[in-house]
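Commentary on secondary and tertiary structure
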Amino acid sequence: MYNETDFDNIDIAAEPPTEEPDRQFYFMAKCRVWVREFEKKNSRRPCFFTQTFGCQMNARDSEKLTAILEQAGFLQAKTEEADFVIYNTCTVRENANNKVYGHLGLLNAYKKKNPHMKIALCGCMMQEPTAVSKIKQRYSFVDLIFGTHNIYKFAELLAVSLNSDTMVVDIWEDTDRIVEELPAKRKYRFKSGVNIMFGCNNFCSYCIVPYVRGRERSRKPEDIIKEIRFLASDGVKEVMLLGQNVNSYGKNLTDPLTFAELLEKVEQIDGIERIRFMTSHPKDLSDDLIAVMRRSKKICNHLHLPLQSGSSRILSMMNRRYDKEHYLNLAEKVKKAIPDLAITTDIIVGFPGETEEDFLETMDVVKKVRFDSAFTFLYSKRTGTPAASMDGQIPEQIAKERFDRLLKEVQAIAAEQADLLVGKTLPVLAEEINRQDDSLLTGRLSNNSVVHFAGTKEMIGTIQNVYLKEAKGFYYIGSLQ
Ligand code: SAH
Ligand code: SF4
Ligand code: F3S
């Protein structure tokens, strides 16, 4: 296993192993030699900076990149003025791409000042050929580009890039493999994301994710359990099981297992006190899952259930494979089964062909379900997706106007929902020192709401009973009980 590997005893003069993850351990040893030589020449260790865009999957991937860089001997820098800068990119909406291009300009200026500097790009945006060719042409100062399917090869790519003066590009179109046993450096010592599956098979018509993350692959339950046991032994109390559609977990395994069955196994792991998961697709949410959530003592009172649109006509054009009625029934069913459950959602405004009536259907669902919080997005055209070539693209001004109305409604309801818990004392996992006021801690309720309360840094990573004094829209002010 990785944690037991002695990199300095690997013979890097020999041919690299062909088996994974041994091959990556070999290249890690090579990177360590490079770092030692750098240190000798420059009288300091090289430093690195990682920047993550996008979702929780990318955040978890970045923890793996960080672990590899640290094992190689790099020190973590606080800013982008570092010797190795890696951006883990997202391409789900156009503005995610624009952010990357914006940052690249800045990096070029830093690189001119630091001749050692290497710049790497990875993640979902790199799976788009148009983005990669633009980078090759206009941002030729980038040193390393790789995609989502070969991220497990990062140690190897790093070793190649550190020893090369030209741009290294390695992008795979797809993969069916999952490499286990690679290291990860957690951002929080007491909570961790855990991938249970990769990729997506749903092809919602607006969405680029299936094209950049490939086909759905589930990890074997024994590998997931082994990882969570290890995390628990390393101080983790909360796990977030990650997948684009966790409700279809296990379908492609040799011994199929449902997501509900997997949750029951995770529940039994000692040391784990909170279990979260995302994302649930409404078309696949089973009664078994609801029953497991209801019975469980560890699964949090939170369900993220993306609606996308309240109009059955638009949902069908989105290829979501449920309609308004199904969603409303489902929301009612889960709320009835699990009374304190918070339901949150994602909504897209301005999908091609969306009329005022369609939009009002979305508003209607928002009012009926009363989401505890909602991420609202302006539709963003993604080249290559079916929706990009649909008739009836909505002018920005109209979409923006609907977006503002939706946001107002969503926020008003979320604030009313938050008020319902004021006056109660509930368990809060203390997560960090408050960023604005260091006499306060910031933590989360089981339902995922944020709470600020006076406490000491020793409490970080522990669950405390907190009295909720006041709700401030989307967070609470509380006090320790
Ligand atoms: N797998 C998850 C979502 C992953 S992407 C699911 O099915 O729910 C996260 C969110 O981004 C989506 O729920 C959707 O609301 C939004 N999104 C995806 N593609 C988009 C696009 N082209 N324009 C605007 N929002 C988009
Ligand atoms: Fe995208 Fe739909 Fe897959 Fe979610 S389920 S990642 S929205 S295609
Ligand atoms: Fe973005 Fe890729 Fe996640 S496109 S939302 S980082 S799966």
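Residues numbered from 1 in each chain as written. Chains lettered and ligands numbered in written order. Predicted model: local features only at pLDDT ≥ 70, side-chain atom pairs only at ≥ 80, totals over all residues. Heavy atoms only, no water.

1. Points about the layout of surface pockets
Counted as a void, the second largest pocket has a volume near 950 Å³. Among the secondary structure elements, those contributing two or more residues to the lining of the second largest pocket are helix 2 (56–72), strand 7 (191–195) and helix 7 (221–233). Ranked by residue count, the leading element in the lining of the second largest pocket is helix 2, at nine residues. Considering only residue class, the lining of the second largest pocket consists of 17 nonpolar, nine polar and 16 charged. (1 Å grid on protein atoms, 1.4 Å probe; cavity = no way out; pocket = protein on both sides within 12 Å on 5 of 7 lines; lining within 4 Å. Points joined across faces, edges and corners; volume = space filled by probe spheres on them. Helix = DSSP H or I, 4+ residues; strand = E, 2+ residues; numbered from the N terminus. Nonpolar A, V, L, I, M, F, W, Y, C, P; charged D, E, K, R; others polar.)

2. Describing the site of ligand 2
Around ligand 2, the structure places C200, N202, F203, C204, Y206, C207, V209, P210, Q244, H281 and R320. Each residue belonging to the shell around ligand 2 can be placed in one class, and the counts come to seven nonpolar, three polar and one charged. (Near = heavy atom within 4 Å.)

3. Let's talk about the pairing of strand 7
Burial analysis of strand 7 places five of its five residues in the buried class, the great majority of the element. Burial of the side chains of strand 7 extends over both faces: K191, G193 and N195 are buried on one face and S192 and V194 on the other. Here strand 7 pairs with strand 10 (residues 238–242) via five bridges, running parallel. Its bridge partner lying in strand 10, V194 is registered against L241. (Buried < 20%, exposed > 50% of the residue type's maximum accessible area, 1.4 Å probe, protein only. Pairing = 2+ DSSP bridges.)

4. Here's the deal with helix 4 (residues 129–138)
Three- or four-residue spacings in an α-helix give side chains the same orientation, since the helix completes a turn every 3.6 residues. All of the buried residues in helix 4 are A131, V132 and I135. In an axial view of helix 4, the angular spread of the buried residues amounts to 100°, which keeps them on one side of the axis. Across helix 4 from its buried face, at more than 90 degrees, point the exposed residues P129, T130, Q137 and R138. Looking at the buried positions of helix 4, the neighbouring elements they touch are helix 3 (94–113), strand 4 (118–123), strand 5 (144–146) and strand 6 (168–170). (Arc of directions from axis to C-beta. Contact = heavy atoms within 4.5 Å.)

5. Some details on the sheet that holds strand 19 (residues 475–480)
Taken in spatial order, the five strands close into a barrel running 15-16-17-19-18, and their pairing is mixed. Put simply, the sheet's adjacent strands are angled 50° from each other on average, direction ignored. Sheet topology places strand 17 (residues 450–454) next to strand 19; four bridges connect them, and they run parallel. Counted as the bridge partner of V450 is Y475 from strand 19. (Axes fitted to C-alpha atoms, helices over the stretch in contact; angles between N-to-C directions.)

6. A few points about the pairing of strand 19
As paired elements, strand 18 (residues 463–471) and strand 19 share five bridges and run antiparallel to each other. Within the sheet, the bridge partner assigned to Y467 lies in strand 19 and is S479. The hairpin turn running from strand 18 into strand 19, its antiparallel successor, is three residues long, and G473 in that turn takes a positive phi close to 80°.

7. Let's talk about the site of ligand 3
The immediate surroundings of ligand 3 are formed by C55, N58, C90, T91, V92, C124, R213 and Q244. For the shell around ligand 3, the per-class residue count stands at four nonpolar, three polar and one charged.

8. Concerning unusual backbone geometry
The linkage connecting E20 with the following residue, P21, adopts the cis geometry, with an omega of 5°. Tracing the backbone through its elements, the reader meets P21 in the segment before helix 1 (22–42). A cis geometry characterises the amide bond from M278 onward to T279, with omega recorded as 10°. Here T279 lies in the loop between strand 11 (274–278) and helix 9 (287–295). Phi is positive for R321, close to 65°, though the residue is something other than glycine. Relative to the elements of secondary structure, R321 occurs in the loop between helix 10 (312–317) and helix 11 (324–337). Its identity is not glycine, yet R370 carries a phi of approximately 55°, on the positive side. Assignment of secondary structure puts R370 in the loop between helix 12 (356–369) and strand 14 (373–378). Judged by relative accessible area, R370 falls into the partly exposed class, the value being 27%.

9. Description of the sheet that holds strand 12 (residues 302–304)
Each strand in a sheet pairs with another by means of backbone hydrogen bonds, the pair being arranged parallel or else antiparallel. Read from one edge to the other, the open sheet built from three strands follows the order 12-13-14, with strand pairing classed as parallel. Single-partner strands in this sheet number two, and they are strand 12 and strand 14. The average undirected angle you get between the axes of adjacent strands in this sheet is 15°.

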